[in-house]
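Tertiary structure, described
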Amino acid sequence: GAVVSQHPSWVICKSGTSVKIECRSLDFQATTMFWYRQFPKQSLMLMATSNEGSKATYEQGVEKDKFLINHASLTLSTLTVTSAHPEDSSFYICSARVGYGDYEQYFGPGTRLTVT
Amino acid sequence: EDKVVQSPLSLVVHEGDTVTLNCSYEVTNFRSLLWYKQEKKAPTFLFMLTSSGIEKKSGRLSSILDKKELFSILNITATQTGDSAIYLCAPQSSGDKLTFGTGTRLAVRP
């Protein structure tokens, strides 16, 4: 149980275009999903927290107009990188939590974004 | 600002050795501490610790939390080459935010 999927697993796009990444909880309903970014040889950095049906909460320094998050259902959250630039190239990972309180987060397999 | 320090940064051992990975933290409104194993892709969940002094075990892995000293350790006994990975410690605050350390890179040689 507690499987989280992401799509696509990797994507290459041109500078200035937008890219959408999907995160799905396959066998449970996720009240909260989290989006992280990981640069090479660095740890995961939380970008934003999204609760189903409400606006995402972004971490300091993360542009909400650039990284659009939609958590439309209890099993799906999307991250859209708008007007992507080469510096947005990174590994984007989502995680999902089952409920509120002391519930562990389960991570998706990640999406490797390369902006050329 | 929340802070997580893991040590050692990297470790090379031989199969069969026992290793201890350390994690010290300072977070606001601490709720729990999670350990993850990261190989080539996303982290996989190992343990969640919420209470001090209670060891959690899973096979050859075990972990314990000291909320007074703001410290946790992860032990791996009888290491195998498949244990080679980056081990991440992540304290969780009441806002559900996980703050990740940079991890300990473990390499287990045959």
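Below or above, wherever it landed, is the structure these notes cover. (Residues numbered from 1 in each chain as written. Chains lettered and ligands numbered in written order. Predicted model: local features only at pLDDT ≥ 70, side-chain atom pairs only at ≥ 80, totals over all residues. Heavy atoms only, no water.)

**What about the packing of aromatic side chains?**
The line we're drawing: We call Phe, Tyr and Trp rings a pair once their centres come within 6.5 Å, taking the six-membered ring for Trp, and we label the pair stacked below 30 degrees between planes, edge-to-face above 60, and tilted otherwise. For the exposure calls, accessible area comes from a 1.4 Å probe over protein chains only, and a residue counts as buried if that area is under 20% of its type's maximum, exposed if over 50%, partly exposed in between. In this scheme, the term charge over a ring applies when either NZ of a lysine or CZ of an arginine sits within 6 Å of the ring centre and within 35 degrees of the ring normal.
Using the criterion set out here, one finds 10 aromatic pairs over all chains in the structure. Look at Tyr25(B) and Phe30(B): their rings are 4.7 Å apart centre to centre, the planes differ by 15°, and that puts the pair in the stacked class. Given the relative accessible area of 23%, Phe30(B) is considered partly exposed. Chaining the aromatic ring pairs together yields one cluster made of Phe28(A), Tyr36(A), Tyr106(A), Phe107(A), Tyr36(B), Phe45(B) and Phe100(B). Directly above the aromatic system of Phe67(A) lies the positively charged group of Lys66(A), at a separation of 5.9 Å from the ring centroid.

**Focus: the pairing of strand β3 (residues 19-26) of chain B**
Two faces make up the sheet, and in a regular strand the side chains alternate between them. All names here are of chain B. Note the threshold: Two strands make a pair as long as DSSP finds a minimum of two bridges between them. Numbering of helices and strands runs from the N terminus; a helix is a DSSP stretch of H or I covering at least four residues, while a strand is a stretch of E covering at least two.
Here strand β1 (residues 3-7) runs beside β3; their pairing, made up of 5 bridges, is antiparallel. Among the inter-strand pairings, serine 7 is bridged to a residue of β3, identified as asparagine 22. Bridge count between β3 and strand β8 (residues 71-76): 6 bridges; the pairing is antiparallel. What sits directly across from valine 19, in β8, is isoleucine 76.

**Brief notes about the pattern of salt bridges**
Opposite charge on two side chains permits pairing when their charged atoms draw close. Residues and elements named next belong to chain A. What counts here: Definition used for salt bridges: Asp or Glu carboxyl oxygen within 4 Å of a side-chain nitrogen of Lys or Arg.
If you walk through the whole model with that rule in mind, you get 4 salt bridges over all chains. Measuring nitrogen to oxygen at the nearest pair gives 3.4 Å for the salt bridge that ties glutamate 22 to arginine 24. You can call glutamate 22 partly exposed: its relative accessible area is 25%. Given a relative accessible area of 34%, arginine 24 falls into the partly exposed group. Here aspartate 88 and lysine 66 are joined by a salt bridge, their closest N and O atoms 2.9 Å apart. Here lysine 66 lies in the loop between β6 (57-58) and β7 (67-73) and aspartate 88 lies in the loop between β8 (76-81) and β9 (90-97), a separation of 22 residues in the sequence. Across the pair, exposure class does not vary: aspartate 88 and lysine 66 are buried alike.

**Looking at the nonpolar core**
Our working rule: We define a nonpolar core as any set of buried Ala, Val, Leu, Ile, Met, Phe, Trp, Tyr and Cys residues linked to one another through side-chain atoms lying within 4.5 Å. Only heavy atoms enter the contact rule, under which two residues are in contact if any of them lie within 4.5 Å.
Trp35(A), Phe67(A), Leu79(A), Tyr92(A) and Leu113(A) are the most contacted members of the largest nonpolar core, which totals 24 residues. Every element with two or more residues in this core is listed here: β2 (10-13), β3 (19-25), β4 (32-38), β5 (45-51), β7, β8, β9 and β11 (111-115) of chain A. Leaving out residues up to four positions away in the same chain, Leu79(A) has contacts with Val19(A), Lys20(A), Ile21(A), Trp35(A), Phe67(A), Leu68(A), Ile69(A) and Tyr92(A). Membership of the second largest hydrophobic core comes to 20 residues, among which are Val13(B), Leu74(B), Ile76(B) and Val108(B).

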